[in-house]
Amino acid sequence: MSTFHDIQVTSLDGSALLLDRFVDQVVLVVNVASQCGLTPQYEGLERLQQRFGPRGFTVLGVPCNQFAGQEPGSEAEIEAFCTTRYGVTFPLTAKSVVNGEARDTLYTLLVGPGATFPGDITWNFEKFLIGKNGEVLSRFSPKTLPESPEVVSAIERALG
């Protein structure tokens, strides 16, 4: 089975994004959507990026249209929305499949057989904290706000 750092995804701009660029960093992987009631979480995610980025942390946003069609736009539309509306500076992947037979490699690692926190993604804005060594440390519900005490303390612990 692959580890987090062995995986390659496609960036929102269509280029390859090798996750080994995040070796020795803490990563919060979040499946995101532009037309969801939870979309304002982008604000908290960006604040986490600004707060902890200098210490070796990044958010990785993974747009997904599997939940009530709440991410219908093209990659260009998603990028424009995220940067214009929320000032997002963290990396975003191309739209991905997080559940089902066509689940992408990243989410197979996060929730598939043998995963630390197995089970389908329940909704947009589910969060996974990845440690510096690529280990999946925590899984947070979509309703858990990015700046909630449990998320912030888990990030601080992972950063050391």
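Residues numbered from 1 in each chain as written. Predicted model: local features only at pLDDT ≥ 70, side-chain atom pairs only at ≥ 80, totals over all residues. Heavy atoms only, no water.

### Re the overall build of the protein
Applicable threshold: Helix and strand assignments come from DSSP, with helices taken as H or I runs of at least 4 residues and strands as E runs of at least 2, each series counted from the N terminus. The globule rule used here is 2.2 Å times the number of residues to the 0.38 power, and the radius of gyration it is set against is calculated over C-alpha atoms. Burial classes follow relative accessibility: with a 1.4 Å probe on protein chains only, a residue under 20% of its type's maximum area counts as buried, one over 50% as exposed, and anything between as partly exposed.
For the protein, the helix and strand inventory stands at 4 helices and 6 strands. N-terminal to C-terminal, the α/β element order of the protein is β-β-β-α-β-α-α-β-β-α. Relative to the 2.2 N^0.38 estimate, which gives 15 Å for 160 residues, the radius of gyration of the protein is 14 Å and therefore close to what a compact globule would have. Projecting the C-alpha coordinates of the protein onto the three principal axes gives extents of approximately 35 × 35 × 30 Å. In the protein, buried positions account for 54% of the 160 residues.

### A closer look at the pairing of strand β3 (residues 26-32)
How we decide: Here the rule is simple: two strands pair whenever DSSP picks up at least two bridges between them. Classification remark: right-handed applies to a crossover when, strands pointing away from the viewer, the course from the first strand over the helix to the second runs clockwise.
Taking burial as the measure, the 7 residues of β3 include 7 buried ones, the bulk of the element. Where β3 lies against strand β4 (residues 57-63), 7 bridges are found, and the strand directions are parallel. Opposite Leu28, over in β4, you have Val59 as the bridge partner. In the classification by handedness, the crossover that spans β3, the intervening helix α1 (residues 41-52) and the parallel β4 is right-handed. For β3 and strand β5 (residues 127-130), the ladder comprises 4 bridges, and the chain directions are antiparallel. Looking across to β5, one finds that Val29 is bridged to Phe128.

### What about the side chain of Gln49?
Spelled out, the test is: In protein, a polar contact means a hydrogen-donor-capable atom and an acceptor-capable atom, both N or O and within 3.5 Å, with residues adjacent in sequence counting only if both atoms are side-chain atoms; elsewhere, any N or O pair within 3.5 Å suffices.
Residue placement: Gln49 occurs in helix α1. Looking at Gln49, the relative accessible area reads 13%, which means it is buried. Within the local environment of Gln49, its side chain forms a polar contact with the side chain of Thr58, the two groups lying 3.2 Å apart.

### Digging into the pattern of salt bridges
Defined as follows: Salt-bridge detection follows one rule: a side-chain nitrogen of Lys or Arg within 4 Å of a carboxyl oxygen of Asp or Glu.
Under the criterion given, the structure shown has 4 salt bridges. Of the charged contacts, one joins Arg47 and Glu147 as a salt bridge, the two residues approaching to 2.7 Å between their closest N and O atoms. Of this pair, Arg47 sits in helix α1 while Glu147 sits in the loop between β6 (136-140) and α4 (149-159), and the two are 100 residues apart along the sequence. You can call Arg47 partly exposed: its relative accessible area is 44%. Glu147 gets classed as partly exposed once you look at its relative accessible area, which sits at 35%. Notably, a salt bridge pairs Glu156 with Arg51, separated by 3.4 Å at the nearest N-O pair. With Glu156 in helix α4 and Arg51 in helix α1, the pair connects residues that are 105 residues apart, well separated along the chain. For Glu156, a relative accessible area of 34% corresponds to the partly exposed category.

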